[in-house]
Amino acid sequence: MRIASKASFSRKLMASTALVGALTIGIIGGATTAQADEMMSAQERASLEASLEQQRLAALAQPSNMQIQFERAMTAKKLGYTDEAIRVLSMMVDQQPGLARAELELAALYYQSGDYEKAKPHFEAAAASPKASVELKERIAVYLESIDNKLRRSLTTGTLVVGVGFQTNANGGSDDFANTANISEVAEADDFNLFASLGVNHNRKVGESDRTVWENSGNLYGSLQLDVDELNLMYAEVSSGLKFGLANDNPMSLNIKPYVKLGYLFLEDTTYLTSPSAGAVMNMQLGDNMVLGVGYDFTLEMYNNSDTRTRAEDRDGDDHMLTVSLGIAATQQDVLSFQLDAGKKSADRDEWSFDSLGLSARYSHSFAEAIVPGTLAGTLSLGASYYMSEYDAADQNLTAVGLGTIVREDDRFVVDAGAVLPLSDTMGISVGASYTMQDSNVSLYEYDNLRVLAGVAFAL
């Protein structure tokens, strides 16, 4: 049975969703609203830019007029000029204590930018205002709890998903060939499976500053097929690395993280793949809404012999992967991410050595925030990717059974969608679907597969 092994696992740009607006809850007058920032047209932006310039001039002429200063800060915030909005709001609360709305807006901007220590006293000041409603105080209490958790020296969180899946081509097979002496069953087979997925993250600050964080993660995935028993599997991965903040004002706006990682795949009834890795990733914040990431990963892949998979004979390979990613926060809830992967595998046999290139794009929407660690976020994700590989030599095993001496080239297209729908703070429904189509100049490696899954997700 032919199985497409996972030669490498792409790093993903992790873009967190911050607080919507400034809680956008009107303290003064007790009214409450909740509005997300929306992408504005060029005409709307030009109008706001003109208004901001007028407000700047008016603020210079009347520096003690808090209404003008506040309007200037809110316009700057709408345009994405976070630094200016923070500067103006800070001046307001310093000059005239008790401006609850300014305190709240300032707290939210600090929270959004990740400066939790500065956000906390302003949240507390807003909650202490006599004009703050009970509902607002309860909402602020949630963010204060979140800040306390984020400022802890160490924090452990996790997610567990259990469910059922179905694939139209579970083994990645092709109907183009029948059994031969050297190639196992390759006809496609649909199948249901039960699965469980566990992910745990542990972060610990090193030293007294926020410049160094020890980040650890572990992932465990198991699948039990209902029919194609050869695909029963368990995959485990653990990684550990130190993230160093390099910037001055906001250290983590520029950071680098060297890491080590170990992957292990148990397939059917034996060890199939062991893959130790080492690498580094650097992230740089570009303005208020973009993050650029660059990473390199080296993986030593060690496959074990299998009596039921004659083509999975002992072999080793050195896998080099260079990744460039860009994350763009279109709004407070909507994130676009793009990634380029360039890889080179040097195996102990030329027919297993190849160069690869991957391109991917993803849209993520958050409709329910997980403000406090240990709660479940509501998310929607849509993705598309393209992966191409070009091998170094023809596979002699294929030549022996009359499949030609063509040097293999593959093109793989994947589209996927997924969502997590919270039912409570710690439990929800997880659903997903993906479609994979691979073209190849060697017909044996052409296949398509539709996969759907549904499960119950738990925040740990």
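Predicted model, so just to flag it, every value in this text is computed and none were measured. (Residues numbered from 1 in each chain as written. Predicted model: local features only at pLDDT ≥ 70, side-chain atom pairs only at ≥ 80, totals over all residues. Heavy atoms only, no water.)

### A short note on helix 3 (residues 82-95)
- In this model, helix 3 (14 residues) spans 20 Å end to end at C-alpha, consistent with the 20 Å of a helix rising 1.5 Å per residue.
- For helix 3, the complete set of buried residues consists of Thr82, Glu84, Ala85, Ile86, Val88, Leu89, Ser90, Met92 and Val93.
- Those residues of helix 3 that are buried lie in contact with helix 1 (42-61), helix 2 (66-78), helix 4 (100-112) and helix 5 (116-128). (Helix = DSSP H or I, 4+ residues; strand = E, 2+ residues; numbered from the N terminus. Expected span 1.5 Å × (residues − 1). Buried < 20%, exposed > 50% of the residue type's maximum accessible area, 1.4 Å probe, protein only. Contact = heavy atoms within 4.5 Å.)

### Concerning the nonpolar core
- In this structure, Leu89, Met92, Tyr111, Phe123 and Ile140 are the most contacted members of the largest nonpolar core, which totals 31 residues.
- In terms of residue count, helix 4 provides more of this core than any other element does, 7 residues in total. (Core = buried A, V, L, I, M, F, W, Y, C linked by side-chain atoms within 4.5 Å.)

### Thoughts on the pattern of salt bridges
- Within the structure shown, the criterion is met by 16 salt bridges.
- For Arg56, the salt bridge is made with Glu84, and the minimal N-O distance between the two is 2.7 Å. Taken together, the residues span a long stretch of sequence, with Arg56 in helix 1 and Glu84 in helix 3 at a distance of 28 residues.
- A relative accessible area of 24% places Arg56 in the partly exposed class.
- Ionic pairing is found between Glu215 and Lys243, a salt bridge with its closest N-O pair at 3.2 Å. With Glu215 in strand 3 (residues 212-225) and Lys243 in strand 4 (residues 233-245), the pair connects residues that are 28 residues apart, well separated along the chain. Just as Glu215 is buried, Lys243 falls in that class too. (Salt bridge = Lys/Arg side-chain N within 4 Å of Asp/Glu carboxyl O.)

### Overview of the packing of aromatic side chains
- Taken as a whole and judged by the stated rule, the model has 9 aromatic pairs.
- A ring pair is formed by Tyr111 and Phe123, whose centres lie 6.3 Å apart and whose planes are at 75 degrees; its orientation type is edge-to-face. Here Phe123 lies in helix 5 and Tyr111 lies in helix 4, a separation of 12 residues in the sequence.
- A relative accessible area of 7% means that Tyr111 is categorised as buried.
- Centroid distance Phe123 to Tyr143: 5.9 Å. Interplanar angle 20 degrees. Geometry classified as stacked. Residue Phe123 is found in helix 5, and its partner Tyr143 is found in helix 6 (residues 134-150); the two are separated by 20 residues along the sequence.
- These aromatic residues form a ring-pair network of at least three members: Tyr111, Tyr116, Phe123 and Tyr143.
- When the ring centre of Tyr445 is taken as reference, the NZ or CZ atom of Arg408 above it lies at 3.5 Å. (Phe/Tyr/Trp six-rings, centres within 6.5 Å; stacked < 30°, edge-to-face > 60°. Lys NZ or Arg CZ within 6 Å of the ring centre and 35° of its normal.)

### What about a negative patch on the surface?
- On the surface, Glu188, Asp190, Asp227, Asp229 and Asp448 cluster together to form a negatively charged patch.
- Relative to the assigned elements, Asp227 resides in the loop between strand 3 and strand 4. (Patch = residues over 30% accessible without salt bridge, like charges linked within 9 Å, V, L, I, M, F, W, Y side chains within 5 Å. Areas by Shrake-Rupley, 256 points an atom, 1.4 Å probe, with all protein chains shown as cover. Lys, Arg positive; Asp, Glu negative; His and termini not counted. Charge placed at Lys NZ, Arg CZ, Asp CG, Glu CD.)

### Some details on helix 4
- In this model, helix 4 (13 residues) spans 18 Å end to end at C-alpha, consistent with the 18 Å of a helix rising 1.5 Å per residue.
- Taken together, the buried positions of helix 4 are occupied by Ala100, Ala102, Glu103, Leu104, Glu105, Leu106, Ala107, Ala108, Leu109, Tyr110 and Tyr111.
- Among the residues trailing helix 4, Gly114 stands out with phi positive, at a value near 90 degrees.

### Description of the environment of Leu292
- Mapped onto the elements of the fold, Leu292 is located in strand 7 (residues 290-303).
- Of the residues examined, Leu292 reaches a relative accessible area of 29% and is grouped as partly exposed.
- Each C-alpha atom of the pair Leu292 and Ser337 lies 9.8 Å from the other, and the pair is 45 residues apart in sequence.

### Considering the packing of helix 5 against helix 6
- With their axes 10 Å apart at the nearest point, helix 5 and helix 6 run at an angle of 160 degrees to one another. With respect to helix 6, the element helix 5 is oriented roughly antiparallel. For the pair helix 5 and helix 6, the crossing hand works out as left-handed. Counting all contacts with helix 5, which are made through Tyr116, Ala119, Lys120, Phe123, Glu124, Ala126 and Ala127, the residues of helix 6 involved are Lys137, Ile140, Tyr143, Leu144, Ile147, Asp148 and Lys150.
- Considered class by class, the residues forming the contact of helix 5 with helix 6 number 9 nonpolar, no polar and 5 charged. (Axes fitted to C-alpha atoms, helices over the stretch in contact; angles between N-to-C directions. Parallel < 35°, antiparallel > 145°, perpendicular 65-115°, else oblique. Left-handed = near helix turned anticlockwise from the far one by under 90°. Nonpolar A, V, L, I, M, F, W, Y, C, P; charged D, E, K, R; others polar.)

### Some details on the pairing of strand 9 (residues 334-347)
- Where strand 8 (residues 315-329) and strand 9 come together, 13 bridges link them in antiparallel fashion. Each bridged residue has a counterpart across the sheet, and for Asp319 the counterpart in strand 9 is Lys345.
- Hairpin connection of strand 8 to strand 9: 4 residues between the antiparallel strands.
- Judged from the 12 bridges that link them, strand 9 and strand 10 (residues 354-368) form a sheet pairing that is antiparallel. The residue bridging Lys345 from the neighbouring strand is Phe354, located in strand 10.
- Hairpin connection from strand 9 to strand 10: 6 residues lie between these consecutive antiparallel strands. (Pairing = 2+ DSSP bridges.)

### Side note on the environment of Leu246
- With respect to the helices, strands and loops of the structure, Leu246 is situated in the loop between strand 4 and strand 5 (254-267).
- A relative accessible area of 45% means that Leu246 is categorised as partly exposed.
- Sequence separation between Leu246 and Arg211 is 35 residues; the distance between their C-alpha atoms is 7.3 Å.
- With near-sequence residues (within four places) excluded, Leu246 lies in contact with Arg211, Pro251, Leu254, Asn255 and Ile256.

### Looking at a nonpolar patch on the surface
- Side chains of Val206, Trp214, Leu242, Phe244, Leu246, Ile256, Met282, Met284, Leu286 and Met290 sit close together on the surface and give an oily, nonpolar patch of about 740 Å² of accessible area.
- Only strand 4 and strand 6 (270-286) provide two or more residues apiece to the nonpolar patch.
- Top element by residues in the nonpolar patch is strand 6. It accounts for 3 residues.
- Relative to the assigned elements, Met282 resides in strand 6.
- Of the residues examined, Met282 reaches a relative accessible area of 32% and is grouped as partly exposed.

Any link to function would need more than the numbers given here.
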